[in-house]
Every structure is written in C-alpha cells, then in structure tokens.
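Chain residues, written in single-letter form:
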Amino acid sequence: MRIGLTYDLRSEYLAAGHSREATAEFDRDDTIAALEETFHSLGHEVFRIGNAFALVGKLARKERWELVFNIAEGLRGIGREALVPALLDLYEVPYVFSDPLVLALSLHKGMTKRVVRDAGLPTPDFALVARPEDLEGIPFPPPYFAKPVAEGTSKGISAESVVRRREDLLPLCRRLWSRFRQPVLVEEHLAGREFTVGIVGTGEKAEALGALEISALPAADAGGYTYRNKEEYEKLVAYRLADPAAPEVGEGTRIALEAWRLLGCRDGGRADIRCNKEGQPFFLEVNPLAGLHPVHSDLPILAGKLGMSYRELIGRILGSALERLGS
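A brief structural summary.

What counts as what
Residues numbered from 1 in each chain as written. Predicted model: local features only at pLDDT ≥ 70, side-chain atom pairs only at ≥ 80, totals over all residues. Heavy atoms only, no water. Buried < 20%, exposed > 50% of the residue type's maximum accessible area, 1.4 Å probe, protein only. Helix = DSSP H or I, 4+ residues; strand = E, 2+ residues; numbered from the N terminus. Arc of directions from axis to C-beta. Contact = heavy atoms within 4.5 Å. Pairing = 2+ DSSP bridges. Axes fitted to C-alpha atoms, helices over the stretch in contact; angles between N-to-C directions. Phe/Tyr/Trp six-rings, centres within 6.5 Å; stacked < 30°, edge-to-face > 60°. 1 Å grid on protein atoms, 1.4 Å probe; cavity = no way out; pocket = protein on both sides within 12 Å on 5 of 7 lines; lining within 4 Å. Points joined across faces, edges and corners; volume = space filled by probe spheres on them. Nonpolar A, V, L, I, M, F, W, Y, C, P; charged D, E, K, R; others polar.

1. As for helix 6 (residues 109-118)
Reasoning step 1: Within the span of helix 6, buried status applies to K109, G110, T112, K113 and V116. Within helix 6, the buried residues cover an arc of 155° as seen down the axis, which keeps them to one side.
Reasoning step 2: Where helix 6 is buried, its residues touch helix 5 (100-107), strand 5 (126-129), strand 6 (144-148), strand 8 (184-188), helix 10 (247-263) and strand 13 (281-287).
Reasoning step 3: A positive phi of about 90° marks G120, the residue just after helix 6.

2. So, the sheet that holds strand 12 (residues 268-275)
Reasoning step 1: Read across the open sheet, the five strands follow the order 11-10-9-12-13; overall the sheet is antiparallel. At either margin of the open sheet sits one strand with a lone partner, and together these are strand 11 (237-241) and strand 13. Along the sheet, successive strands turn relative to each other by an average axial angle of 30°, direction set aside.
Reasoning step 2: In this sheet, strand 10 (residues 207-216) lies alongside strand 9 (residues 194-200) in antiparallel orientation, the contact comprising six bridges. Note on strand 10: the bridge partner recorded for I199 is A208.

3. Focus on the packing of aromatic side chains
Note on aromatic pairs: each is described by the distance of the centres and the angle between the planes.
Reasoning step 1: Evaluated as defined, the whole model comprises four aromatic pairs.
Reasoning step 2: Arranged with centres 5.1 Å apart and planes meeting at 70°, the rings of F69 and F97 form a pair that is edge-to-face. On the criterion of sequence distance, the pair formed by F69 in strand 3 (residues 67-70) and F97 in the loop between strand 4 (95-96) and helix 5 is long-range, its members being 28 residues apart.
Reasoning step 3: A residue is classified by how much of its surface remains accessible, and F69, at 0% relative accessible area, is buried.
Reasoning step 4: F97 sits in the buried class, given a relative accessible area of 3%.
Reasoning step 5: Aromatic side chains F140 and Y144 sit 5.6 Å apart centroid to centroid with 70° between the ring planes, which places their arrangement in the edge-to-face category. Here F140 and Y144 have matching classes, each one buried.

4. Some remarks on empty space enclosed by the protein
Reasoning step 1: Within the structure shown, the criterion is met by one cavity of 30 Å³ or more.
Reasoning step 2: Estimates place the volume of the largest cavity at around 30 Å³.
Reasoning step 3: In terms of lining, the largest cavity is formed by D8, A52, A72, E73, G74, R80, L83 and V84.
Reasoning step 4: Residues of the lining of the largest cavity, tallied by class, amount to four nonpolar, one polar and three charged.

5. Some thoughts on the sheet that holds strand 8
Reasoning step 1: Taken together, the four strands give an open sheet; going across it, the order is 5-8-6-7, and neighbouring strands pair in antiparallel fashion. One side of each edge strand has no neighbouring strand; the edge strands of this open sheet are strand 5 and strand 7 (162-163).
Reasoning step 2: Here strand 6 pairs with strand 7 via two bridges, running antiparallel. Within strand 7, the position partnered with Y144 by the bridge is V163.
Reasoning step 3: The sheet contacts of helix 6 involve strand 5, strand 6 and strand 8, and relative to strand 5 the element is tilted by about 150°.

6. Quick notes on the layout of surface pockets
Reasoning step 1: Empty space within the second largest pocket amounts to approximately 380 Å³.
Reasoning step 2: Of the residues assigned to the lining of the second largest pocket, the class counts are six nonpolar, four polar and eight charged.

Next comes the structure, spelled out in structure tokens:
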C-alpha cells in the first residue's frame with residue numbers, strides 16, 4: 001500500500017525561528033524515521049508529505065496516496081489540528097486517526113469537558129476565563145488548576161498552575177492570556193493519582209490497552225504533569241503500569257474508554273485521568289493525536305511496558321483504520 005505521512009517537523013520550525021515552546025508538540029526527525037521504517041517492515045511504500053503547506057502543494061499537483069497516516073498538529077489557530085484531515089476529506093483521500101470535528105473539539109479542552117459532562121461522565125468542575133470579569137462567576141472554591149484551553153504537551157502548565165488562593169488566580173490568568181492569546185481553563189484541583197489510558201480502535205471496537213501511571217520524582221514540579229516535567233521526564237517523572245485490579249484504575253479506564261467512544265475518536269490515542277484525594281477518578285482530556293516517538297512518547301511507553309513492540313502498536317493502529325475504511 002502507498003502510505004503518505006503528514007507531520008510537523010520540529011527541526012524545520014526551529015530553523016525558521018520559532019521557539020522551543022511554540023514547537024513543543026511537533027515531531028522529532030527520529031519519530032518520522034521510526035514510522036517510515038515500521039511501515040516498510042509491514043510491507044508498505046512510504047511517502048513523506050510533511051505539513052499542511054506541503055500537503056496543499058502535493059494535492060494541487062495531483063499527487064495521491066492510498067492512505068495517509070496523519071500526525072500533523074498544525075501551527076496556528078484553535079482548529080489547527082483539523083487542517084490536514086479537512087484537506088484530505090476535501091480531496092477524498094482516506095487517512096488514519098480522527099476527523100476534523102473530533103480534532104477541533106478535543107483541542108478545546110473546555111468544549112470537550114462540556115460534552116463529556118453532559119453525557120454524565122465525571123470531570124472536575126471548571127470555568128472558562130477569557131477576561132477578568134469571568135473570575136467572578138467561578139462557582140467552586142480553591143485550590144484551582146489553571147492552564148491554556150487549547151494547548152498540548154503541557155504547554156502553559158507549570159508549578160504555579162496550582163492556585164491555592166483566589167486572589168492569585170487573576171495574575172496567573174493575565175500571564176497566560178499574554179503568552180498564549182487564548183482563554184484559560186480553570187478547574188477544581190485534584191490531588192490524587194494521575195494516569196493516562198492508551199486506546200486502540202474505533203467505536204465499539206475500541207479497547208483500552210492499559211493505564212500508565214505518571215508520578216513526579218522529588219526534583220519535579222509539584223501538582224501536575226507540567227511542561228518542565230514532560231520535557232525532562234528522564235529525571236523528573238516515573239512511569240509504571242497501573243494495576244487494572246485497583247478500583248480507581250478500573251473505573252478510570254472505563255471512563256476513558258467511554259469518553260473516547262462518545263467523542264468519536266478513531267484508531268489510537270490516549271485519555272488522561274486524575275483522581276481526587278478520595279481516589280475517585282475524573283476525565284481530564286483526550287488526545288486523539290498522541291505522540292508516537294518510539295522511546296519518549298507516553299503511548300509507546302505504555303505499549304512497551306505491556307510487552308507490545310512499537311511495530312505491533314503501529315500495526316494495530318493501522319489495522320483499525322483499514323478495518324474502519326473497509327479495506
């Protein structure tokens with residue numbers, strides 16, 4: 001099969017003058033090489049397409065592929081992750097992973113939480129704060145957890161994201177507004193365990209692979225999976241398989257899988273769960289374009305701890321897409 005790869009290469013954006021933080025979600029050169037090698041090992045031809053700009057040019061020149069493996073995050077705008085799948089839909093090119101609606105919705109964490117909450121799944125109390133007046137309407141007491149509403153890779157999350165006094169919330173929101181030019185999601189802070197649930201498949205055929213618990217080491221930022229903790233995970237974070245027999249893990253996995261199906265996510269990704277101090281799990285967010293670096297990304301780390309090779313993980317994701325597309 002002729003498989004095209006769409007992606008945003010971090011090294012290209014850094015060379016063009018973008019900051020390390022602005023490019024934090026983009027893929028490393030060795031991620032693309034690993035995917036290319038894996039598809040070759042599965043018997044497919046692979047064609048590097050690149051980002052949305054490159055895709056536009058290739059589509060205009062009538063280049064086509066039997067399937068596109070899309071991991072492009074996009075550079076700007078609230079719908080940036082939806083750009084590539086929208087273009088592929090326009091030209092009737094089938095692709096792996098979720099459609100434009102799912103990717104636009106899931107990037108906006110506040111809208112995602114509204115959908116999940118309306119369906120009856122537990123998620124922390126929250127408020128969307130776009131201006132100082134919005135703070136007056138927050139109906140729940142501190143401590144709070146504040147982050148940009150539409151960023152990934154923990155961008156905008158730091159040690160100061162946990163706000164214990166209401167009067168400290170406005171200064172933090174002002175800093176985040178200035179830095180990210182978007183509303184701030186203010187949630188009830190949960191002080192319990194945190195884990196991410198890996199999922200492969202679509203709809204009723206989706207299944208949870210397992211849950212990867214994320215624990216901060218002594219030198220790490222406290223209170224959450226911050227940008228610094230994620231960037232320096234080798235010395236700041238411990239990963240271990242969460243025991244599926246533990247009640248909070250089993251219930252968290254159920255919530256993650258229900259949210260995945262409810263939101264219409266496809267083929268493979270992750271959902272993040274955090275518990276309160278009593279051990280009750282809550283949905284935080286879903287990532288239908290999960291990182292796929294074979295060593296550093298959470299989903300392959302989880303797969304490896306389950307005894308699943310990177311080749312098998314990618315093969316299962318691809319298999320889900322082919323089955324969904326009727327190929």
